[in-house]
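These are the residues of each chain, in order.
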2 protein chains.
Amino acid sequence: MRNNTPRHTFSTAMVIGTLGVAAVVTFAAKGACGEGIAECDAQKTPMTGLTKLSSKPDVSKLDAAVLDDQNVPMRKRMETFVKLLQSRIVDAVAREESSGSTEGRPSEFLVESWERKEGGEGISCVLQDGSVFEKAGINVSVVYGALPPSAIRQMSADHGGLVERIGYETEGPNAEVDSMPFFATGISIVIHPRNPFAPTSHMNYRYFELAHPKTLKDGSPNPRYSEEPAAWWFGGGSDLTPIYLFEEDARHFHKTLKDAADTEDPTFYPAWKKWCDKYFWLNHRNESRGVGGVFFDDLTLPAITSFKTTYIPVLDGEKRKNQVLLSEKQHDRESLFRTVRALGNAFVDAYIPLVHARKDTPHTDVHKEWQRLRRGRYVEFNLIYDRGTKFGLMTPGARMESILMSLPLHARWEYMESTTGTGRHNSSAALRAKAEDEAQYSAEEMEARRAIQAVLEQPVDWL
Amino acid sequence: MRNNTPRHTFSTAMVIGTLGVAAVVTFAAKGACGEGIAECDAQKTPMTGLTKLSSKPDVSKLDAAVLDDQNVPMRKRMETFVKLLQSRIVDAVAREESSGSTEGRPSEFLVESWERKEGGEGISCVLQDGSVFEKAGINVSVVYGALPPSAIRQMSADHGGLVERIGYETEGPNAEVDSMPFFATGISIVIHPRNPFAPTSHMNYRYFELAHPKTLKDGSPNPRYSEEPAAWWFGGGSDLTPIYLFEEDARHFHKTLKDAADTEDPTFYPAWKKWCDKYFWLNHRNESRGVGGVFFDDLTLPAITSFKTTYIPVLDGEKRKNQVLLSEKQHDRESLFRTVRALGNAFVDAYIPLVHARKDTPHTDVHKEWQRLRRGRYVEFNLIYDRGTKFGLMTPGARMESILMSLPLHARWEYMESTTGTGRHNSSAALRAKAEDEAQYSAEEMEARRAIQAVLEQPVDWL
């Protein structure tokens, strides 16, 4: 009956990091099931055997020395970085989980590694319904292949005209190339603790390359071929979503990220803090997803951006004309990679102590209700706004379980909830709900809800 | 800090029915807060006092005789119909709720009526966290005003070129009009029962009119002015979302709708059943939201559609070239209105007996878990696909609480859930999860989950 629905479309997806913004790239497929990232849609050819389970990510074959070795291609260095970081974060989360809490029985990570036939692999680590963590997803992926120009244009905002700037004719009768070799690797994390006083956190760092094709569309050798990438850029960010506000937690998280970014350039944190507030904004709620952190995209050198500047442009996500914040430092790819490593490495120190400190805080069903209501907003952000999630959802053949593991185990939606309801200031129903809540909940609880709501509606400079 | 974000955009929304497909129309505002549907965004001018609470919708001033009176404008007749229907459905739901269940304490409807300063009103009736119902939202609205052509084009798929077909120059230097008078009224319902064996249902019926403006853009009288609308159409549907499958429930629901539609034309049900399956499809999950029902849009006479047919086109939602299913009956607006009334009136008989029969079915936490997982898919559909919800969410100033009251009180997302996980057929992690589920749950439970999943993945002809 459903033969006319689009579910049989054989397009496919490369899931870069599989969680978080700009994490997914879609491209037109050649009609083969094997084009999918690792597993086929159940109704296409089954690909059982391409995934395998283990108790933790295997990093025994990785060489940490490549991280600092400029003679090794950046692809390999970033891949090594995200895999080592994944292992370290999985260890830190597992340690926190096994150290126990007053709630539930400890749970273990489900670690699944998969391969992409045409090139690439990934490792998904998910811990669910544990004693300390409600859900923790820590994914890495490395994918490569050939992308048509239309797909490359989707990869980021600023890179809309990237193909053209690189200088190949890609469309029309004079097209020199019909696709470009592409590489992407990244790490993506979403962690929802169980205790309502412990905050949720999300982190994603990724690296992209476009390469010169060896041959042109007509089969002739490409005179501009080079081993050096035609373009490359980093993107990513880390952000915190508390259920109840502890200002010292927000400050600690921001301070740890700022210290990490400052090691390379003090202009980074202020710009990327602002961009983060902008990106994680739920416009229909007039509130932020959380208390922010850092966020950036298109981090590369001026030569391959549309900005004609000597120094690296440090954007803050604003769409103002000629809006480029200039760093006073002359960067190279090494310093940008060091920045990304510093921010990624800072995650454990920025976040895990907050969970450790709050995981046993006594709480009641009232606190869990509020937690689930805030979780509902997290669901709203990820399904409505998040670029990576949206691309992934639109892509038959993508690994949906990885994309949607960012969603919490539990969420709740209340009509006219009195602290957050969008009509609460001018609706009779909301005023009645408020009176009921005030009769039902303690003054402390109402105050605590309003405190977090206030900073969500009006983001704060924490440092 | 947030002055550069788009949340201060003074566009606005008319929420037609406020739930369900095509229920929301957005248009550029004149910058005034009062353009909003009923309540302003909190950060604009407060409009306290425009809403009022009551215990149930007031229908004392409505005259049921207008329903059959062809001398009364259709606007008034449809408005009267949806308001009387709302009252009847609220009564039926409240009766079911107060008759009690083994769970929880009975809850009451929160009935809020609001006015739109520039023209229009609405009544939102929501019952939440009751003994029989987890959440039940039953909304009506009547809104009118002037819409720019760009907004009219968004109102439905087939009416994309409606303004042009009606024949006014609306853009460019020769534009005759810069807006058209507009009227919309509708009823929208989403009901989530508490018992996991009782199904969720959604219903929405709506009527739109575009009128000839009295004067043209330059202020001169419009030579084509007429009291008759320039265009009108009906849209709507009713559908059922069971958590566990009872085939007799699905058959009863479909049979009741089919009988209602057949009174006017036996071609309606088969076409609209198919359109319903198509519309409520979660493409990223390869499954339907539920077991369907009926769904249609753009229901009008051939004169004001782009289809050159003698008889009314009965579409089934397919985007095939020249795809028009012809009814053998010659319809007029009366017969179409009778169809909409028959379908709307059938809702109580189609749905409430299913809740009544299932509301006390014994169940455990295992059943509630499955219910919440299915609720999560409902959230996914409404936030990702539903046209009305999406329009509403993109519209600052819309009454978000009404738009989002379609969301359940509780939802759940599990990684690699073994009955529904999109990668379950070919992932090692899913196979392990399946083995764990089979060890944990009874064979009956696993079978029951698979039974509903099977009909969601492969919609069935119930009659």
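In this text the structure is predicted, and so the values were computed from the model without any measurement. (Residues numbered from 1 in each chain as written. Chains lettered and ligands numbered in written order. Predicted model: local features only at pLDDT ≥ 70, side-chain atom pairs only at ≥ 80, totals over all residues. Heavy atoms only, no water.)

A. Structural context of the overall build of chain A. Each helix and strand in chain A was counted, giving 11 helices and 15 strands. Scored against the burial criterion, the 463 residues of chain A give a buried share of 63%. For chain A, restricting intrachain contacts to residue pairs at least 6 apart in sequence, the fraction spanning at least 24 positions comes to 72%. Accessible area for chain A stands at about 16,700 Å²; split by element, carbon and sulfur atoms hold 51% of it. (Helix = DSSP H or I, 4+ residues; strand = E, 2+ residues; numbered from the N terminus. Buried < 20%, exposed > 50% of the residue type's maximum accessible area, 1.4 Å probe, protein only. Contact = heavy atoms within 4.5 Å. Areas by Shrake-Rupley, 256 points an atom, 1.4 Å probe, with all protein chains shown as cover.)

B. Spatial organisation of the confidence of the model for chain A. Residues and elements named next belong to chain A. The predicted model of chain A averages 82 in pLDDT, with 80% of residues at 70 or higher. Averaged pLDDT values over the elements of chain A bottom out at 34 in strand S2 (residues 24–27) and peak at 98 in helix H4 (residues 247–262). Counting contacts from residues 1–49, a segment whose pLDDT is below 50, to residues more than four positions away or on other chains yields 172 contacts. The ipTM value of the predicted complex is 0.87, and its pTM value is 0.87. (pLDDT = per-residue confidence, 0-100.)

C. Structural context of unusual backbone geometry. Residue and element names in this part refer to chain B. Despite not being glycine, Asp129 shows a phi value in the positive range, around 55°. Within the secondary structure layout, Asp129 lies in the loop between strand S5 (120–128) and strand S6 (133–147). At Met416, a residue that is not glycine, the phi angle is positive and equals roughly 55°.

D. Summary view of helix H1 (residues 74–98) of chain B. For H1(B), built from 25 residues, the straight-helix expectation of 36 Å at 1.5 Å per residue is met to within 8% by its first-to-last C-alpha distance of 35 Å. B:Gly100 sits one or two residues past H1(B) and shows a positive phi near 85°. (Expected span 1.5 Å × (residues − 1).)

E. Inspection of the sheet that holds strand S7 (residues 180–193) of chain B at higher detail. Residue and element names in this part refer to chain B. One open sheet accounts for 8 strands, arranged S3-S4-S5-S6-S7-S8-S9-S12; its pairing is antiparallel. Sheet topology places strand S3 (51–54) and strand S12 (292–299) at the edges, where each strand pairs with a single neighbour. Strand-to-strand twist in this sheet, taken as the mean axis angle between neighbours without regard to direction, amounts to 10°. As paired strands, strand S4 (residues 110–115) and S5 are joined by 6 bridges and run antiparallel to one another. By the bridge assignment, Glu112 is partnered in S5 with Ser124. (Pairing = 2+ DSSP bridges. Axes fitted to C-alpha atoms, helices over the stretch in contact; angles between N-to-C directions.)

F. A look at the pattern of salt bridges. For the structure on display, the rule yields 64 salt bridges over all chains. Taking the shortest distance from any N to any O, the salt bridge between A:Lys273 and A:Asp461 comes out at 3.6 Å. Here A:Lys273, found in helix H5 (residues 268–279), pairs with A:Asp461, found in the segment after helix H11 (443–457); they are 188 residues apart in sequence, far enough to count as distant. Between B:Lys273 and B:Asp277 there is a salt bridge, and its shortest N-O distance comes to 2.6 Å. (Salt bridge = Lys/Arg side-chain N within 4 Å of Asp/Glu carboxyl O.)

G. Geometry of the environment of A:Ser131. All names here are of chain A. With respect to the helices, strands and loops of the structure, Ser131 is situated in the loop between strand S5 (120–128) and strand S6 (133–147). Taking the relative accessible area as the measure of exposure, Ser131 reaches 2% and is therefore buried. With 30 residues separating them in the primary sequence, Ser131 and Ser101 have C-alpha atoms 5.8 Å apart.

H. Local environment of the packing of H1(B) against helix H6 (residues 333–358) of chain B. All names here are of chain B. Their axes nearest at 11 Å, the elements H1 and H6 cross at an angle of 5°. Between H1 and H6, the interaxial angle falls into the category roughly parallel. On H6, the residues that touch Met74, Arg77, Met78, Phe81, Leu85, Arg88, Ile89, Ala92, Val93 and Glu96 of H1 are Arg333, Glu334, Phe337, Val340, Arg341, Gly344, Asn345, Phe347, Val348, Ile352, Val355 and His356. Of the residues belonging to the contact of H1 with H6, the class tally is 13 nonpolar, 3 polar and 6 charged. (Parallel < 35°, antiparallel > 145°, perpendicular 65-115°, else oblique. Nonpolar A, V, L, I, M, F, W, Y, C, P; charged D, E, K, R; others polar.)

I. Quick peek at the side chain of B:Arg341. Note on placement: B:Arg341 falls in helix H6. Classification of B:Arg341 by relative accessible area gives buried; the value is 14%.

J. Spatial organisation of the pairing of strand S9 (residues 231–241) of chain A. Residue and element names in this part refer to chain A. For S9, a buried count of 11 out of 11 residues is recorded, marking the element as mostly surrounded by other parts of the structure. Here 11 bridges tie strand S8 (residues 200–210) to S9, and the two strands are oriented antiparallel to one another. Looking at the pairing, His202 lines up with Asp239 of S9. Inspection of the sheet shows S9 paired to strand S12 (residues 292–299) by 6 bridges, in the antiparallel sense. Bridging across to S12, Leu240 finds its partner in Gly292.

K. Looking closely at the sheet that holds S9(A). Residues and elements named next belong to chain A. With respect to topology, 8 strands assemble into an open sheet ordered S3-S4-S5-S6-S7-S8-S9-S12, the strand pairing being antiparallel. Pairing within the sheet leaves two strands with one partner each, and these edge strands are strand S3 (51–54) and S12. Strand-to-strand twist of the sheet, defined as the mean angle between neighbouring strand axes without regard to direction, takes the value 10°. Both S6 and strand S7 (residues 180–193) contribute to a ladder of 14 bridges, which runs antiparallel. When the sheet's bridge partners are listed, Ala146 is paired in S7 with Pro181.

L. Just the nonpolar core, in detail. By size, the foremost hydrophobic cluster in this structure holds 171 residues, and its most contacted members are A:Phe234, A:Trp272 and B:Phe234. Contact partners of A:Trp272, with chain neighbours within four places excluded, come to A:Gly293, A:Val294, A:Phe295, A:Phe296, A:Leu299, A:Val314, A:Leu315, A:Thr339 and A:Leu343. The next biggest cluster of nonpolar side chains, apart from the first, holds 15 residues, and it includes B:Val143, B:Ile166, B:Phe182 and B:Leu216. (Core = buried A, V, L, I, M, F, W, Y, C linked by side-chain atoms within 4.5 Å.)

M. Geometry of the pairing of S7(A). Within S7(A), 13 of the 14 residues are buried, which leaves it mostly tucked inside the rest of the structure. The hairpin formed by S7(A) and S8(A) contains 6 residues between the paired strands.

N. Highlighting the packing of aromatic side chains. In the structure shown here, the tally under the stated rule is 40 aromatic pairs over all chains. For the ring pair A:Phe268 and A:Trp272, a centre distance of 4.4 Å and an interplane angle of 10° mean the geometry is stacked. With A:Phe268 and A:Trp272 both in helix H5 and 4 residues apart, this pair spans about one turn of that helix. Overall, A:Trp272 belongs to the buried group, its relative accessible area being 1%. Centroid distance B:Tyr144 to B:Phe183: 6.3 Å. Interplanar angle 10°. Geometry classified as stacked. Here B:Tyr144, found in strand S6, pairs with B:Phe183, found in strand S7; they are 39 residues apart in sequence, far enough to count as distant. For B:Tyr144, a relative accessible area of 38% gives the class partly exposed. Relative accessible area serves as the criterion here: at 7%, B:Phe183 is assigned to the buried category. Taken together through their ring pairs, the aromatic side chains of A:Trp275, A:Tyr279, A:Phe280, A:Phe295, A:Phe381 and A:Tyr385 make up a single cluster. (Phe/Tyr/Trp six-rings, centres within 6.5 Å; stacked < 30°, edge-to-face > 60°.)

O. Local environment of helix H4 (residues 247–262) of chain B. Residue and element names in this part refer to chain B. For H4, which comprises 16 residues, the first-to-last C-alpha distance of 22 Å matches the rise-based estimate of 22 Å (1.5 Å per residue) to within 8%. For H4, the set of buried residues is Asp249, Ala250, Phe253, His254, Thr256, Leu257, Ala260 and Ala261. For H4, the arc enclosing every buried residue in end-on projection is 155°, short of the 170-degree limit, so these residues lie on one face. (Arc of directions from axis to C-beta.)

P. Expanded view of the environment of A:Glu287. Residues and elements named next belong to chain A. For Glu287, the location among the structural elements is in strand S11 (residues 287–288). On a C-alpha basis, the gap between Glu287 and Gln86 in space is 31 Å, while along the polypeptide they are 201 residues apart. Those residues in contact with Glu287, other than ones at most four positions away along the chain, are Phe280, Trp281, Leu282, Arg374, Arg377, Gln453, Leu456 and Glu457. Engagement of the side chain of Glu287 in a polar contact is seen with the side chain of Arg377, the distance being 2.8 Å. (Polar contact = N/O pair within 3.5 Å; in protein donor to acceptor, adjacent residues only side chain to side chain.)

Q. Spatial organisation of the packing of H4(A) against helix H6 (residues 333–358) of chain A. All names here are of chain A. Put simply, H4 and H6 touch, their axes get as near as 8 Å, and they point 165° apart. The angle between H4 and H6 falls in the class roughly antiparallel. Pair H4 / H6 crosses with right-handed handedness. Mapping the contact onto sequence places Glu248, Asp249, His252, Phe253, Thr256, Leu257, Ala260 and Ala261 in H4 and Ala342, Leu343, Ala346, Asp349, Ala350, Tyr351, Pro353, Leu354 and Arg358 in H6. Partitioning the contact of H4 with H6 into residue classes produces 11 nonpolar, 2 polar and 4 charged. (Left-handed = near helix turned anticlockwise from the far one by under 90°.)

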